[in-house]
Amino acid sequence: DPKIIQKPKYLVAVTGSEKILICEQYLGHNAMYWYRQSAKKPLEFMFSYSYQKLMDNQTASSRFQPQSSKKNHLDLQITALKPDDSATYFCASSQGTANTEVFFGKGTRLTVV
Amino acid sequence: AQSVTQPDARVTVSEGASLQLRCKYSYSATPYLFWYVQYPRQGLQLLLKYYSGDPVVQGVNSFEAEFSKSNSSFHLQKASVHWSDSAVYFCALSIDGGKLIFGQGTKLSIKP
């Protein structure tokens, strides 16, 4: 059973539109993250949340906004989509934030046309 | 600046042969290092981790890795590979809890 559920698995969006990527984790973790993997760059950290509070943001663009409505949810809203946003977005979680094992979901593959 | 380098983008080995995937890191503090594996269209799965202590750490599926502070390395090894080991392998450095810096990945192919 997957413990970190990401929806949808695949997503095609039109340039300029807005999408929300969903992530729920059932590991009882209190820290959650978003990572991005694209053809041009290795896996890169985007955001970290701990107890629903933003801890770190390495995303330069304000078009990317994480949203945490519950402790085990961390969605990612992306506005004004661009073709360069095409990537696989991975949600991850960990128990605490002190050099701990990070578990990853299977990703949402976003294609912007 | 912190970084992780996997110098080999692709590695091909014969089934049953031994394997070493290389990883070098740059970090001024005590490194917390991980190896993850990614199968096609899957998320990342943790193979093993190094926090401290014995520099040789054991992981799943008979993988092990050796940490070397003097060489700033954390190489992944396996004595005998199986075709099911074909995947992309990522070395990662924890610089702040769950904030990981990943290497570029090494795609492992197994020849029959």
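Conventions we followed
Residues numbered from 1 in each chain as written. Chains lettered and ligands numbered in written order. Predicted model: local features only at pLDDT ≥ 70, side-chain atom pairs only at ≥ 80, totals over all residues. Heavy atoms only, no water. Helix = DSSP H or I, 4+ residues; strand = E, 2+ residues; numbered from the N terminus. Rg over C-alpha atoms; globule rule 2.2 N^0.38 Å. Buried < 20%, exposed > 50% of the residue type's maximum accessible area, 1.4 Å probe, protein only. Contact = heavy atoms within 4.5 Å. Areas by Shrake-Rupley, 256 points an atom, 1.4 Å probe, with all protein chains shown as cover. Lys, Arg positive; Asp, Glu negative; His and termini not counted. Charge placed at Lys NZ, Arg CZ, Asp CG, Glu CD. 1 Å grid on protein atoms, 1.4 Å probe; cavity = no way out; pocket = protein on both sides within 12 Å on 5 of 7 lines; lining within 4 Å. Points joined across faces, edges and corners; volume = space filled by probe spheres on them. Nonpolar A, V, L, I, M, F, W, Y, C, P; charged D, E, K, R; others polar. Patch = residues over 30% accessible without salt bridge, like charges linked within 9 Å, V, L, I, M, F, W, Y side chains within 5 Å. Salt bridge = Lys/Arg side-chain N within 4 Å of Asp/Glu carboxyl O. Pairing = 2+ DSSP bridges. Axes fitted to C-alpha atoms, helices over the stretch in contact; angles between N-to-C directions. Buried area = accessible area lost by both parts, 1.4 Å probe. Polar contact = N/O pair within 3.5 Å; in protein donor to acceptor, adjacent residues only side chain to side chain.

1. So, the overall build of chain A
Looking only at helices and strands, chain A has zero helices and eleven strands in total. Shown N-terminal to C-terminal, the secondary structure of chain A runs as helices and strands in the order β-β-β-β-β-β-β-β-β-β-β. Taking 2.2 N^0.38 as the reference for a compact globule, 113 residues should give roughly 13 Å; the C-alpha atoms of chain A span a radius of gyration of 13 Å, in line with that estimate. Evaluated residue by residue, chain A yields a buried proportion of 49% over its 113 residues. Considering only intrachain contacts with a sequence separation of at least 6, the fraction spanning at least 24 residues in chain A is 55%. A total accessible area of about 5600 Å² is found for chain A, and carbon and sulfur atoms account for 51% of it. The centroid of the 14 positive side-chain charges in chain A is displaced by 2 Å from the centroid of its 9 negative side-chain charges.

2. A closer look at empty space enclosed by the protein
The full count for this structure, using the stated rule, is one cavity of 30 Å³ or more. Put simply, the largest cavity is a space of about 40 Å³. Its residues assigned to classes, the lining of the largest cavity comprises four nonpolar, four polar and one charged.

3. Some words on a positive patch on the surface
A grouping of A:K9, A:K106, A:R109 and B:R41 is seen on the molecular surface, where their side chains present a positively charged patch. Here A:R109 is to be found in strand β11 (residues 108-112). Look at A:R109 and you get partly exposed, because its relative accessible area is 46%.

4. Points about the sheet that holds strand β8 (residues 75-78) of chain A
Residue and element names in this part refer to chain A. In spatial order, the strands read β1-β3-β8-β7; together these four strands make up an open sheet with antiparallel pairing. Strands with a single pairing partner mark the edges of an open sheet, and in this sheet they are β1 (4-7) and β7 (64-67). In this sheet, adjacent strand axes meet at a mean angle of 15 degrees when their direction is disregarded. Alignment of β7 against β8, held across four bridges, turns out to be antiparallel. Bridge assignment links F64 to a residue of β8, and that residue is I78.

5. Describing the interface of chain B and chain A
Contact residues are listed per partner, giving 21 residues for chain B and 19 residues for chain A. Both sides of the chain B and chain A interface together cover about 1700 Å² of buried area, and 55% of this is carbon and sulfur. Here chain B is connected to chain A by two salt bridges. A:E101 is the partner of B:K49 in a salt bridge, and the nearest nitrogen-oxygen pair spans 3.4 Å. Linking chain B with chain A are nine residue pairs in polar contact (both at pLDDT 80 or more), by the criterion used here. Ranked by residue count, the leading element in the side of chain B that touches chain A is strand β5 (residues 32-38) of chain B, at four residues. Taken together, the residues that form the side of chain B that touches chain A break down as nine nonpolar, eight polar and four charged.

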